Amino acid sequence: MKISAAIMAHESRAHRIDYLLETLGECPVFMDYGKIGEPGNLGPWGNAKRAWKAFDPKADFHMVVQDDVVFGKRFIERLVGLLSKYGPEYAYCLFANANGRQKDDEFLTALKRPQGIIIHKELYSAVAVALPTRIINDMIPFGDSCQYDRGRGTWVDDDARISEYLKHIGMQVIYPIPSLVTQNKKLNSLVGYGHNRGRQARWFI
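These numbers come from a predicted model, not from an experiment.

**Things to note about the packing of aromatic side chains**
- Under the definition given, this model contains six aromatic pairs.
- Taking 4.6 Å as the distance between ring centres and 45° as the angle between the ring planes, the aromatic pair formed by Phe-71 and Phe-75 counts as tilted. Residues Phe-71 and Phe-75 agree in their burial class; the two are buried.
- Consider the rings of Phe-107 and Tyr-124, whose centres lie 4.9 Å apart with planes at 70°: the pair is edge-to-face. Taken as a pair, Phe-107 in helix 4 (residues 105-110) and Tyr-124 in the loop between strand 6 (116-120) and strand 7 (128-132) lie far apart in primary sequence, 17 residues in all.
- Judged by relative accessible area, which is 8%, Tyr-124 ranks as buried.
- Three or more aromatic residues link up through ring pairs in this structure, and these residues are Tyr-19, Phe-71 and Phe-75.
- Over the ring of Tyr-124 we find Lys-103; its NZ or CZ atom is 5.4 Å from the centre of that ring.
- When the ring centre of Trp-203 is taken as origin, the NZ or CZ atom of Arg-202, which lies over that ring, is 4.2 Å away.

**Thoughts on the nonpolar core**
- Ranked by size, the top nonpolar core spans 32 residues in total, and within it Trp-52, Leu-131, Met-139, Ile-162, Leu-166 and Tyr-175 carry the most contacts.
- Looking at this core, the elements that each hand over two or more residues are strand 1 (3-10), helix 2 (43-53), strand 5 (91-93), helix 4, strand 7, helix 5 (136-145), helix 6 (158-169) and strand 8 (173-177).
- For this core, the element with the most residues is helix 2, which contributes four residues.
- Once residues within four sequence positions are removed from consideration, Met-139 is found in contact with Trp-45, Trp-52, Leu-131, Ile-162 and Tyr-165.
- Grouped together as the second largest cluster of nonpolar side chains are 27 residues, Ile-17, Leu-20, Met-31 and Ala-130 included.

**With respect to the layout of surface pockets**
- Quantified by volume, the second largest pocket comes out at close to 170 Å³.
- Along its surface, the second largest pocket is lined by Ile-3, Ser-4, Ala-5, Leu-24, Glu-26, Cys-27, Met-63, Ile-76, Leu-79 and Val-80.
- Contributions of two or more residues to the lining of the second largest pocket are made by strand 1 and helix 3 (75-86).
- Partitioned by chemical class, the residues of the lining of the second largest pocket number eight nonpolar, one polar and one charged.

The rules behind these values
Residues numbered from 1 in each chain as written. Predicted model: local features only at pLDDT ≥ 70, side-chain atom pairs only at ≥ 80, totals over all residues. Heavy atoms only, no water. Phe/Tyr/Trp six-rings, centres within 6.5 Å; stacked < 30°, edge-to-face > 60°. Buried < 20%, exposed > 50% of the residue type's maximum accessible area, 1.4 Å probe, protein only. Helix = DSSP H or I, 4+ residues; strand = E, 2+ residues; numbered from the N terminus. Lys NZ or Arg CZ within 6 Å of the ring centre and 35° of its normal. Core = buried A, V, L, I, M, F, W, Y, C linked by side-chain atoms within 4.5 Å. Contact = heavy atoms within 4.5 Å. 1 Å grid on protein atoms, 1.4 Å probe; cavity = no way out; pocket = protein on both sides within 12 Å on 5 of 7 lines; lining within 4 Å. Points joined across faces, edges and corners; volume = space filled by probe spheres on them. Nonpolar A, V, L, I, M, F, W, Y, C, P; charged D, E, K, R; others polar.

If you want it as structure tokens, here you go:
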């Protein structure tokens, strides 16, 4: 089992990079600058693409983590165990909560259980996502071609584009419960989703 990783970051959170690298080890960091719409700002998808393209072709999985992530206990051990158990026929979202954009009843009902996994058709968050490397080269141009975001009217978000691709190829998403990560409570969303205090993993250790 070989996993490569990359960090998707913003200049306002540069102080968190050392913390992330302590857990992930040496991996590339892709920094974005300014606000969405300003010259030089790539936006969530523009920056995410760089992080996904950085996958190691010899790896089984590539993981992209965002700069506001907080790792749970024994993160690497639990991640390797999860990917080894369920394999490359699934995508993996390592963060699950009941807040934010509209989620269907099936997902919310499953999220009430404190342990296990959820297997679902949608990728609701890109805080920390692992994908089989074999799908990444096709996923990126598909994401470029998407027209509409769920509930926003424009394709700002990387998670929605990835979710649409996974549905297109019929690949379901595994959410480990408890989540392997949550979001730093001291930070605000960079795309207008409010404070991270209201965007925590439903179950987390």
